[in-house]
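What follows is the residue order along each chain.
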Amino acid sequence: MADTVLTRSEIDERGLARLAQRLAAWTEKWFPDAYIFALAGVVLIAVAALAIGASPQSIADSFGNGFWDLTAFTLQMSMVVLTGYVVATSPPVAKLIDRLALVPSTARTAVSFVAMLSMSVSFLNWGLSLIFGGLLARAIARRKDLSVDYRALGAAAFMGLGAVWALGLSSSAAQLQATAASLPPALLKITGVLDFGTTIFTWQSLLTLAILMALTTVIAHFSAPRGAAVRTAADLGVDLDDEPSEPEPRSRPGEWLEYSVILPVLAGILTLGWLVSQFLTKPFLTVVSSLNGYLLVFLILGLVLHRTPRNFLQAVTKAVPATAGILVQFPLYAAMAAILTKATGHGGMSLSAHLAEFFSDIGGGGAFAVVIALYTALLGLFVPSGGGKWLVEAPYVMQAATDVNMNLGWTVQIYNIAEALPNLINPFFMLPLLAVLKLRARDLVGFTFLQFVFHLPVVLLLVWLLGMTFDFVPPVIPK
């Protein structure tokens, strides 16, 4: 029966919506779990190192010695997801979502509205965007006066991560490059420290963000199915009951503080005092570029918004499963980076050095920017992790950028702009959103793949044209 309904829907759909639905069943069938890609990546890089003359012992040593190089960054990226989830599921944000759900007046406007808000929230925190967008999609789907395609709403909720996440404050690559303590020593020597003034907050990056947000919103609007093609949450068998579960009542005196607002309020006051002190004593860009400070603020904000430690801990428990992929994959990315940079072959050259030489031969200017963007997007299909993949790419990409006098901050942004593209095809980072929506990846990927088709040429044009507006600045190595 489901197949019959889908076929009739395809007949009734037109234009972008019809194309989106014809793509919807493909990706889930052919893509394995992202962990398989990470394991395969380690093996592939090890084989490549052997091919350039590296000894098996040096490869094995690099793998084992580098496996835990990203322990701090792994925790930080896990906390981005966790803090975003905790804030998004707090009662004040839930009330805000219910009010926002009443704003759209038509079905297609509802889809584009979710896309725009998802991308706007993503500038602050991509983890928050995923959960916020999913809850907003569910709230709109509960409206009785609108018949909105639930799949299109879900895909729109993913646009914060699928289109522009790496151009925001929680960009893994930009945060990593701004935090000297999180950078592997070998990478720090190549790139130095790049604060947000050289990456996220350049006018070129902000212009790119605005263009991609506008493009994404328009595509989301016109690709939303209409009429008989619409499949609501009820058609898909999705339960939209989002009544929050109340914590169990206090049963013993020792639990009093767990149900009290006192400690969260005091922790909030301490954090606010620290934040004010930071802004008074340090440059603005230094403060906003601090990944640890960013995570501290979001974590305590989640605690305050949930009001009591018991409510907060319940939200954390629900958020932890969404961090599993990061926890088990990032050590593999660290091992890849170590083999790339430390396992040397003929002439004392590592695989990273060979790749840097290859990209340097391309030359500077627009050609370099376009090739790096294409390479980043292609690699992202197999290594679906912005931060982990940056550590694999950065040693040779940033060395090549230095060799051809390409601005290092813009090279990071070329990576960030292109890195979002594979998220529109590979459903790995959809998993937390899918858990909220209670849908499958195949329900959304048709719509997101359509976004990819339009985004790819625009991204390549932007990195090429805007790259020519920068001057080269040598890396700044901290003392």
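Residues numbered from 1 in each chain as written. Predicted model: local features only at pLDDT ≥ 70, side-chain atom pairs only at ≥ 80, totals over all residues. Heavy atoms only, no water.

### Topic: the overall build of the chain
In step 1: When its secondary structure is counted, the chain shows 25 helices and 0 strands.
In step 2: The long-range fraction of contacts in the chain, counting pairs at least 24 apart against all pairs at least 6 apart in sequence, stands at 82%. (Helix = DSSP H or I, 4+ residues; strand = E, 2+ residues; numbered from the N terminus. Contact = heavy atoms within 4.5 Å.)

### Overview of the packing of aromatic side chains
We describe a pair of aromatic rings using the distance from one ring centre to the other and the angle between the two ring planes.
In step 1: Tallying each qualifying case throughout the model produces 11 aromatic pairs.
In step 2: Ring geometry for Phe196 versus Phe201: centroids 5.9 Å apart, planes at 85°, classification edge-to-face.
In step 3: Phe201 gets classed as partly exposed once you look at its relative accessible area, which sits at 27%.
In step 4: For the ring pair Phe449 and Phe452, a centre distance of 5.9 Å and an interplane angle of 40° mean the geometry is tilted. One end of the pair is Phe449 and the other is Phe452, both in helix H25 (residues 441-467) and 3 residues apart, which spans about a single turn. (Phe/Tyr/Trp six-rings, centres within 6.5 Å; stacked < 30°, edge-to-face > 60°. Buried < 20%, exposed > 50% of the residue type's maximum accessible area, 1.4 Å probe, protein only.)

### What to know about helix H20 (residues 351-362)
In step 1: Between its first and last C-alpha atoms H20 spans 17 Å; for 12 residues at 1.5 Å apiece the expected length is 16 Å, and the two agree.
In step 2: Burial in H20 covers these residues: Leu351, Ser352, Ala356, Phe359 and Ser360. (Expected span 1.5 Å × (residues − 1).)

### What about the pattern of salt bridges?
In step 1: Inspection of the entire model under this criterion finds 5 salt bridges.
In step 2: Of the charged contacts, one joins Asp98 and Arg142 as a salt bridge, the two residues approaching to 3.7 Å between their closest N and O atoms. Of this pair, Asp98 sits in helix H7 (residues 91-100) while Arg142 sits in the loop between helix H9 (126-141) and helix H10 (150-157), placing them 44 residues apart in sequence.
In step 3: A relative accessible area of 31% means that Arg142 is categorised as partly exposed. (Salt bridge = Lys/Arg side-chain N within 4 Å of Asp/Glu carboxyl O.)

### Things to note about a nonpolar patch on the surface
In step 1: Together, Trp256, Leu257, Val261, Ile262, Leu263, Val265, Leu266 and Ile269 make up an exposed nonpolar region whose accessible area comes to about 690 Å².
In step 2: The residue Leu257 is located in the loop between helix H14 (203-223) and helix H15 (262-281) in this model.
In step 3: Overall, Leu257 belongs to the partly exposed group, its relative accessible area being 36%. (Patch = residues over 30% accessible without salt bridge, like charges linked within 9 Å, V, L, I, M, F, W, Y side chains within 5 Å. Areas by Shrake-Rupley, 256 points an atom, 1.4 Å probe, with all protein chains shown as cover.)

### Considerations on the confidence of the model for the chain
In step 1: Of the residues in the chain, 88% reach a pLDDT of 70 or more, and the chain-wide mean stands at 83.
In step 2: Looking at the elements of the chain, mean pLDDT is at its lowest for helix H1 (residues 2-12), recorded as 43, and at its highest for H14, recorded as 95.
In step 3: Across residues 1-13, confidence stays below pLDDT 50; counting only partners more than four residues off in sequence or on other chains, it has 17 contacts. (pLDDT = per-residue confidence, 0-100.)

### Some thoughts on unusual backbone geometry
In step 1: Although it is not a glycine, Asn405 adopts a positive phi angle of roughly 60°.
In step 2: Non-glycine residue Lys438 carries a positive phi angle of around 65°.
In step 3: For Lys438, a relative accessible area of 46% corresponds to the partly exposed category.

### Here's the deal with the side chain of Ser129
In step 1: By the element assignment, Ser129 lies in helix H9.
In step 2: Ignoring any residue separated from it by four or fewer positions in sequence, one finds Ser129 in contact with Ser118, Val121, Ser122, Ala157, Gly160 and Leu161.

### Things to note about the packing of helix H6 (residues 71-88) against helix H18 (residues 309-319)
In step 1: At a closest axis distance of 9 Å, the pairing of H6 and H18 adopts a crossing angle of 130°. By the criterion of interaxial angle, the relationship of H6 to H18 is oblique. Where H6 crosses over H18, the two elements pack in a sense that is right-handed. Within the contact between the two elements, H6 uses Leu82, Tyr85 and Val86 and H18 uses Phe312, Ala315, Val316, Lys318 and Ala319.
In step 2: A per-class count over the contact of H6 with H18 returns 7 nonpolar, no polar and 1 charged. (Axes fitted to C-alpha atoms, helices over the stretch in contact; angles between N-to-C directions. Parallel < 35°, antiparallel > 145°, perpendicular 65-115°, else oblique. Left-handed = near helix turned anticlockwise from the far one by under 90°. Nonpolar A, V, L, I, M, F, W, Y, C, P; charged D, E, K, R; others polar.)

### Some details on the environment of Leu456
In step 1: Its place among the elements puts Leu456 in helix H25.
In step 2: Using a relative accessible area of 25% as the deciding quantity, one classes Leu456 as partly exposed.
In step 3: Here the alpha-carbon distance between Leu456 and Ala377, two residues 79 residues apart in the chain, equals 9.1 Å.
In step 4: With sequence-adjacent residues up to four places away left out, Leu456 is seen in contact with Leu374 and Leu421.

### Let's talk about the environment of Ala54
In step 1: Of note, Ala54 is situated in the loop between helix H4 (34-51) and helix H5 (56-66).
In step 2: Considering only alpha carbons, one finds Ala54 and Ile339, 285 residues apart in sequence, at a separation of 9.6 Å.
In step 3: When residues no more than four places from it in sequence are discounted, the contact partners of Ala54 are Ala49, Ile59, Ala343, Thr344 and Gly345.

### As for the packing of H6 against helix H19 (residues 324-342)
In step 1: Running from N to C, H6 and H19 cross one another at 155°; their axes reach a closest spacing of 9 Å. Taken as axis vectors, H6 and H19 run roughly antiparallel relative to one another. Here the hand of the crossing between H6 and H19 comes out right-handed. Facing Phe73, Thr74, Met77, Ser78 and Val81 of H6, the residues of H19 in contact are Ile326, Leu327 and Phe330.

### As for H5
In step 1: The complete set of buried residues in H5 reads Ser58, Ile59, Ser62 and Gly66. The buried side chains of H5 occupy one side of the element, clustering within an arc of 100° when seen end-on. Opposite the buried face of H5, at more than 90 degrees from it, the exposed residues are Pro56 and Gln57. (Arc of directions from axis to C-beta.)

### Some thoughts on the environment of Ser290
In step 1: Positionally, Ser290 belongs in the loop between helix H16 (284-288) and helix H17 (291-306).
In step 2: On a C-alpha basis, the gap between Ser290 and Ala178 in space is 7.0 Å, while along the polypeptide they are 112 residues apart.

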